[in-house]
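Coordinate analysis (summary)
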Amino acid sequence: MTRTHAENVREDVRNLIHPYTPLNTFGATGPMVIRKGDGVYVEDDQGNRFLEGMAGLWCTALGFSEQRLVDAAIRQMKELPYYQIFAGRSNEPSIELSERLLAMTRHLGMDKALFANSGSEANDAAVKVIWYYFNALGKPEKKKLIARERGYHGVTVMAASLTGLPYNHADFDLPVARVLRTGCPSLYHSTHPGETDEQMVDRLVADLEAIIAREGADTIAAFFAEPVQGAGGVIVPPAGYFAKIQAVLKKHDILMVADEVITGFGRTGNMFGCDTYGITPDIMTVAKALSSSYMPISATLVSKAIYDGLVKGSERNGAFSHGVTYAGHPVASAVAVEALKIYEERDIVGHVQRVSPKFQARLAALSAHPLVSSTRGVGLIGALEIVQDKDSRKTFDAASGVIARLGNAVLENGLITRALRDTMAVCPPLIITEAQIDELFDKLTRALDTTLEFARGQKLVA
Ligand SMILES: Cc1ncc(COP(=O)(O)O)c(C=O)c1O
């Protein structure tokens, strides 16, 4: 019997290792296979259409069919499909991209760009840059890194070590040494009931001070933070958090690394999360929306002081011996240049500022739903907490099947969101219109209503 294309795909897909999936569970249905996309929508291999409420993995700022990005890739493929940027060589798209990126981040103190392919690599490179820098400065003891609970910085050995999510560590023998952990600014997840935002911030600042006092400031190199924590549950920092944290870091000569892999390029209603939260970074990492994710590319941006340190180190070592084969890849760089041009020409930040009040209002309104205990968000990113009981915030047992039912109900309604355990994240392409925001939240509301009926049928909620 001849098999359909879809059946072939489903068979072939068993040859892949699927991240964040119990690897023994693919026998029954296989994954959802996405075949094409247009605007904020994607379609699977069965012809089902979905509003992509997560922009993939918090990625495609310009949606799934931006012709200018396609054309930029084709033009560059024809001109020069690959060249490297090692040892006195370069290519024009990577030079133009670095100029554009630095023009956009100079007000934040950035002075040089180091390219790679993924957010994880960009954060790994940030760590290497920091260690190299302090060695060049004659401070070889200043090497430890502070990162936060629920932080997500990627999955390479060092980035996963910075990541503060236990499931990224379990059985991978991580985190490696030199990583110190501090709390995240989430009142919802706080283990100190009754705290106000301000009390929580003061507690976190005191915790940071205590870590520094315990370890010694001369052993601590840098503090890593996402302006808004994404994969850890969309944690939006309260007012004053970064100002107070940065005051402590500055006092102790500890570098600030802003991981802007999700928040960069308009997501929070300003070009960078650093702008939204008044962060003055020494290093910034960017990826995802840098090319609207049409090509894999990331960058580690560094201040002049850091760069001067690297120069000093490279004089001592004879070279700055770090780089990856595809760093500054001309096709990825050309696509990223085009994405940055589009952000500017179409005033993507202005668009986010115009449509995000509706997004945030519709998100906040969901907190009235019997299954939602709390919502939070900024710009075009947000999350809701799914609970069995709103007062106690008791969550559903996995065995009850309610969260799985919600996941299916979201899909049945033609929507893609992301379940981070009991937190549901929403992070649509930045080009989403107000009408599509209504569509997204109408679909989500219907999915929640279906799930509520299911939970009532199981006598799990009144
Ligand atoms: C804030 C943040 N940093 C780093 C990464 C890692 O990026 P990548 O998956 O491209 O390695 C991610 C990925 O989701 C991220 O959200």
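Residues numbered from 1 in each chain as written. Predicted model: local features only at pLDDT ≥ 70, side-chain atom pairs only at ≥ 80, totals over all residues. Heavy atoms only, no water.

Tallying each qualifying case throughout the model produces 21 salt bridges. Of the charged contacts, one joins Asp-202 and Lys-244 as a salt bridge, the two residues approaching to 2.9 Å between their closest N and O atoms. Remark: Lys-244 occurs in helix H8 (residues 241-251) and Asp-202 occurs in helix H7 (residues 197-215); sequence separation between them is 42 residues. Taking the relative accessible area as the measure of exposure, Asp-202 reaches 38% and is therefore partly exposed. The partner of Lys-251 in a salt bridge is Glu-209, with the nearest N and O atoms 3.4 Å apart. (Salt bridge = Lys/Arg side-chain N within 4 Å of Asp/Glu carboxyl O. Helix = DSSP H or I, 4+ residues; strand = E, 2+ residues; numbered from the N terminus. Buried < 20%, exposed > 50% of the residue type's maximum accessible area, 1.4 Å probe, protein only.)

A rise of 1.5 Å per residue sets the reference length of helix H5 (residues 119-136), with its 18 residues, at 26 Å; its end C-alpha atoms lie 25 Å apart and thus fit the reference within 8%. Across the 18 residues of H5, 14 count as buried, placing the element largely inside the fold. Once H5 ends, the next one or two residues include Gly-138, with phi positive near 75°. (Expected span 1.5 Å × (residues − 1).)

Right, let's talk about the sheet that holds strand S13 (residues 415-416) for a bit. The 4 strands lie next to each other as S1-S2-S3-S13, forming an open sheet whose pairing is mixed. The open sheet is flanked by strand S1 (34-38) and S13, the only strands paired with a single partner. Where strand S2 (residues 41-44) meets strand S3 (residues 49-52), 3 bridges bridge the pair, whose relative direction is antiparallel. Pairing of Val-42 across the sheet is with Phe-50, part of S3. Set on the sheet, helix H14 (residues 434-457) makes contact with S2, S3 and S13; between it and S3 the angle comes to about 110°. (Pairing = 2+ DSSP bridges. Contact = heavy atoms within 4.5 Å. Axes fitted to C-alpha atoms, helices over the stretch in contact; angles between N-to-C directions.)

On to the site of the ligand, then. Every residue near the ligand is listed here: Ser-118, Gly-119, Ser-120, Asn-123, Tyr-152, His-153, Gly-154, Glu-226, Asp-259, Val-261, Ile-262 and Lys-288. Taking Ser-120, its side chain carries an N or O atom lying 2.5 Å from an oxygen atom of the ligand. In isolation the ligand offers 390 Å² of accessible surface; the protein chains occlude 84% of this area. With 3 residues, H5 is the single largest residue contributor to the shell around the ligand. When its residues are assigned to classes, the shell around the ligand shows 3 nonpolar, 6 polar and 3 charged. (Near = heavy atom within 4 Å. Polar contact = N/O pair within 3.5 Å; in protein donor to acceptor, adjacent residues only side chain to side chain. Areas by Shrake-Rupley, 256 points an atom, 1.4 Å probe, with all protein chains shown as cover. Nonpolar A, V, L, I, M, F, W, Y, C, P; charged D, E, K, R; others polar.)

Moving on to helix H11 (residues 330-345). Compared with an ideal rise of 1.5 Å per residue, which puts 16 residues at 22 Å, H11 spans 22 Å between its outermost C-alpha atoms and is within 8% of the ideal. Burial analysis of H11 places 13 of its 16 residues in the buried class, the great majority of the element. Two residues or fewer after H11 comes Asp-347, characterised by a positive phi angle close to 50°.

Time to look at the sheet that holds strand S10 (residues 298-303). Strand pairing in a sheet relies on backbone hydrogen bonds, with the paired strands running either antiparallel or parallel. With respect to topology, 7 strands assemble into an open sheet ordered S4-S10-S9-S8-S7-S5-S6, the strand pairing being mixed. Looking at which strands have only one partner, the edges of the open sheet turn out to be strand S4 (110-116) and strand S6 (179-182). Across this sheet, the average inter-strand angle for adjacent strands is 20°, counted without regard to direction. Sheet analysis places strand S5 (residues 144-148) next to strand S7 (residues 220-225), joined by 3 bridges and oriented parallel. The partner of Ile-146 across the bridge, within S7, is Phe-223. Against the sheet, helix H4 (residues 92-105) contacts S4, strand S9 (283-286) and S10, and its axis sits at roughly 135° relative to S4.

With that settled, consider the environment of Met-32. In this fold, Met-32 is placed in the loop between helix H1 (5-12) and S1. We classify Met-32 as partly exposed; its relative accessible area is 34%. Apart from the residues lying within four places of it in its own chain, the contact partners of Met-32 are Asp-44, Phe-50, Leu-411 and Ile-416.

In terms of domains, the chain is made up of domain 1 (32-65 + 347-457) and domain 2 (69-345). A separation of 27 Å is found between the C-alpha centroids of domain 1 and domain 2. Carbon and sulfur atoms supply 61% of the area that domain 1 and domain 2 bury against each other, a total of about 2500 Å² over both sides. A per-residue breakdown of the area domain 1 buries against domain 2 is headed by Trp-58, Leu-62 and Arg-376, which together make up 23% of the total. Viewed at the interface, domain 2 and domain 1 are joined by 0 salt bridges. There are 14 residue pairs in polar contact (both at pLDDT 80 or more) connecting domain 1 and domain 2. Secondary-structure elements contributing two or more residues to the side of domain 1 that touches domain 2 are helix H2 (55-59), helix H12 (348-365), strand S11 (372-378), strand S12 (381-386) and strand S15 (423-426). (Domains from an automatic or database assignment. Buried area = accessible area lost by both parts, 1.4 Å probe.)

Quick look at the packing of aromatic side chains now. Under the criterion given, the structure shown has 9 aromatic pairs. Summarising the aromatic geometry, the rings of Tyr-132 and Phe-320 are spaced 5.1 Å apart at their centres and angled 85° between planes, so their arrangement reads as edge-to-face. Taken together, the positions of Tyr-132 in helix H5 and Phe-320 in the loop between helix H10 (304-317) and H11 put the pair 188 residues apart, joining distant regions of the chain. Take Tyr-132: its relative accessible area is 18%, and that puts it in the buried class. When its relative accessible area of 29% is taken as the criterion, Phe-320 is described as partly exposed. (Phe/Tyr/Trp six-rings, centres within 6.5 Å; stacked < 30°, edge-to-face > 60°.)

Before going further, it helps to examine the pairing of S5. Judged by how many residues are buried, S5 sits mostly within the fold: 4 of 5 residues are covered. Here S5 runs beside S6; their pairing, made up of 4 bridges, is parallel. Bridge pairing in S6 links Arg-148 to Thr-182.

Counting buried residues along S7, 6 of its 6 residues qualify, which places the element largely inside the surrounding structure. Judged from the 4 bridges that link them, S7 and strand S8 (residues 255-259) form a sheet pairing that is parallel. Counted as the bridge partner of Ala-222 is Leu-255 from S8. Following the chain from S7 across H8 to the adjacent parallel S8, one finds a crossover that is right-handed. (Right-handed = clockwise from strand over helix to strand, strands pointing away.)

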